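# Chain and residue survey
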Amino acid sequence: MRIVRPLLIFAGLIALWQLAVMVTGAPHYILPGPMRVLRALSGNASLLLDHATVTVVEILLGLVLGTVLGSLAALVIATVRPARRWLLPVLVISQAIPVFALAPMLVLWLGYGLASKVAMATLIIFFPVTTAFFDGLRRTEPGWLDLARTMGGRPLHVLWHLRIPAALPALTSGIRVATAVAPIGAVVGEWVGSSAGLGYLMLHANARMQVDLMFAALFLLALFAVGLYVTVDAGLRRALPWQPEDGRLTAD
Amino acid sequence: MSPQTTAETAAAREGIGRAPSVHIQAARLDYAGMVVFDSLDLTLPGGETTCLLGPSGVGKTSLLRLIAGLNDSAGSRGTVLGDDGRPVHDRIAYLAQQDLLLPWLSVLGNVVLGYRLRGQPITPAVAERARTLIARVGLAGREGDRPARLSGGMRQRVALARTLMEERPVVLMDEPFSALDAITRFELQALAAELLQARTVLLVTHDPLEALRLGHRVLIMAGAPARIEAPLIPPGSPPRAPGDPAILRLLADLLARLSAARSVPGEIS
């Protein structure tokens, strides 16, 4: 049932799509049907694959970079008191700036290539990872810290053996959010200025009324985003087998 | 052999040195603008178990945390010294109501946690001693299990092994068995009495029968601001049989005193 149910939902959505095409009678250059998109997929396979590879690399690099930088920032904020006083307000206020508005600047500074998209994805991932991990580091079970104090624990060792592992469940929820938003960063970056990638292809196809190709690109992007999320989610679950499903740390 | 010598022999066997008596002087706690206790003096005799009873909110846990050196940020103060005139906070081990096991570590990893947190290497000798202690609390063969796979009683046994691993002469316990079912509690009380016998122990509890089973001395803390009444010294040495008529008479007496002590305004949790 675990495999059958998603497949049934998928089939149901495709059927709904076909039904919408038939009922509205929309022309194929407004809303192409599933079969048309499938033909566009197979007919432009190598073109789509080339552009998809570019986008996938951008997303993965952004995800890794954003997670690493976000985790480091959280560690610094949580452990260095002056950093918390000075950096945390800056970090929070910076989130009021819509990251998408920075995209043209990133393209201007970093060029039309890979760097500006990776930067965009990194920026969009950075904050959820930092806040989630920082929150986890800040909320170590007080009883554990008491225990560490009576044991004569040293701050760095307590951080490494107690506070960081205890904050990993929080970090993983940050990484889950990051995984879900990483494709947005990459595609927005491509829309603003690029010469390759699924976002570029979609804009290009749209302008030339190749709506079926645009849908094919969108379909590939969605497929990859869902696949990435499922993979990351399963990987995180496997990495923290002791983490209870409901988020509680101790079972009664 | 006098009781003191017995305790010293046992202490030497455990490798913890002589268990000092602990003197608490002029302890004071302010909480939410109220004086919970003030000029409170208390002595924990070396190598003996002192049980502290009292209504909830009277400040028993706060007093224990003060002795452990865990209360310094709150409005509490007082002198806590061993009979050698040195502070004791680096000579205590702490066992709380929650087992405080780390869910990502195995039983063995939890027992040697103190070594990890102090940055001391876990040598084969240390690991071997941990295994011995795990066997002594009845969990041989479960060294590799994570806490989630253990029952509440087993988890508290691991916590007991972790406490013993610390080789501290003073042990402070805050209702360590109160979350367990009656049978498990009964077994663990006997185990704790056996394993902690050479140490200076303070056991904070809600359960008068537990206090009578385990305490060389039983204290009642009551009132606002709280006072500690003259110690009750039950006959015989712990762990005592709970069916003993003398113990049951003392239990009735303790229950009466505790319920009288409960009608006190201004409790804190």
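For the structure, check the block above.
These remarks concern the structure in this document. (Residues numbered from 1 in each chain as written. Chains lettered and ligands numbered in written order. Predicted model: local features only at pLDDT ≥ 70, side-chain atom pairs only at ≥ 80, totals over all residues. Heavy atoms only, no water.)

### Quick notes on the side chain of A:Thr122
All names here are of chain A. Mapped onto the secondary structure, Thr-122 falls in helix α6 (residues 114–138). Overall, Thr-122 belongs to the buried group, its relative accessible area being 9%. Residues in contact with Thr-122, not counting those within four places in the same chain, are Gly-62, Leu-65, Gly-66 and Leu-69. (Helix = DSSP H or I, 4+ residues; strand = E, 2+ residues; numbered from the N terminus. Buried < 20%, exposed > 50% of the residue type's maximum accessible area, 1.4 Å probe, protein only. Contact = heavy atoms within 4.5 Å.)

### Here's the deal with the packing of aromatic side chains
The tally for this structure, following the rule as stated, stands at four aromatic pairs over all chains. Arranged with centres 5.9 Å apart and planes meeting at 25°, the rings of A:Trp17 and A:Phe215 form a pair that is stacked. With A:Trp17 in helix α1 (residues 4–24) and A:Phe215 in helix α10 (residues 211–239), this pair connects stretches of sequence that are 198 residues apart. For the ring pair A:Trp242 and B:Trp104, a centre distance of 5.1 Å and an interplane angle of 50° mean the geometry is tilted. Note that A:Trp242 is positioned in the segment after α10 and B:Trp104 in the loop between β5 (92–95) and α3 (107–111), a pairing that runs across two chains. Accessibility classification places A:Trp242 together with B:Trp104 in one group, the buried group. The ring of B:Tyr115 carries B:Arg118 above its face, with NZ or CZ at 5.3 Å from the centroid. A cation sits over an aromatic face here: B:Arg213 above B:Phe186, 4.0 Å from the ring centre. (Phe/Tyr/Trp six-rings, centres within 6.5 Å; stacked < 30°, edge-to-face > 60°. Lys NZ or Arg CZ within 6 Å of the ring centre and 35° of its normal.)

### Considering the interface of chain B and chain A
On the chain A side, the residues contacting the 23 residues of chain B number 22 residues. With both chains or domains summed, chain B and chain A bury close to 2100 Å², and 66% of this area falls on carbon and sulfur atoms. The largest contributions to the chain B side of the interface with chain A come from B:Leu100, B:Trp104 and B:Leu117, which together make up 34% of the buried area. The tally of links from chain B across to chain A stands at one salt bridge. Across the pair A:Asp146 and B:Arg65 runs a salt bridge whose closest N-O atoms are separated by 2.7 Å. Connecting chain B to chain A are six residue pairs in polar contact (both at pLDDT 80 or more). Of all the secondary-structure elements, those providing two or more residues to the side of chain B that touches chain A are α2 (60–68), β5, α4 (113–118) and α6 (152–165) of chain B. In terms of residue count, α4(B) provides more of the side of chain B that touches chain A than any other element does, five residues in total. In terms of residue class, the side of chain B that touches chain A is built from eleven nonpolar, three polar and nine charged. (Buried area = accessible area lost by both parts, 1.4 Å probe. Salt bridge = Lys/Arg side-chain N within 4 Å of Asp/Glu carboxyl O. Polar contact = N/O pair within 3.5 Å; in protein donor to acceptor, adjacent residues only side chain to side chain. Nonpolar A, V, L, I, M, F, W, Y, C, P; charged D, E, K, R; others polar.)

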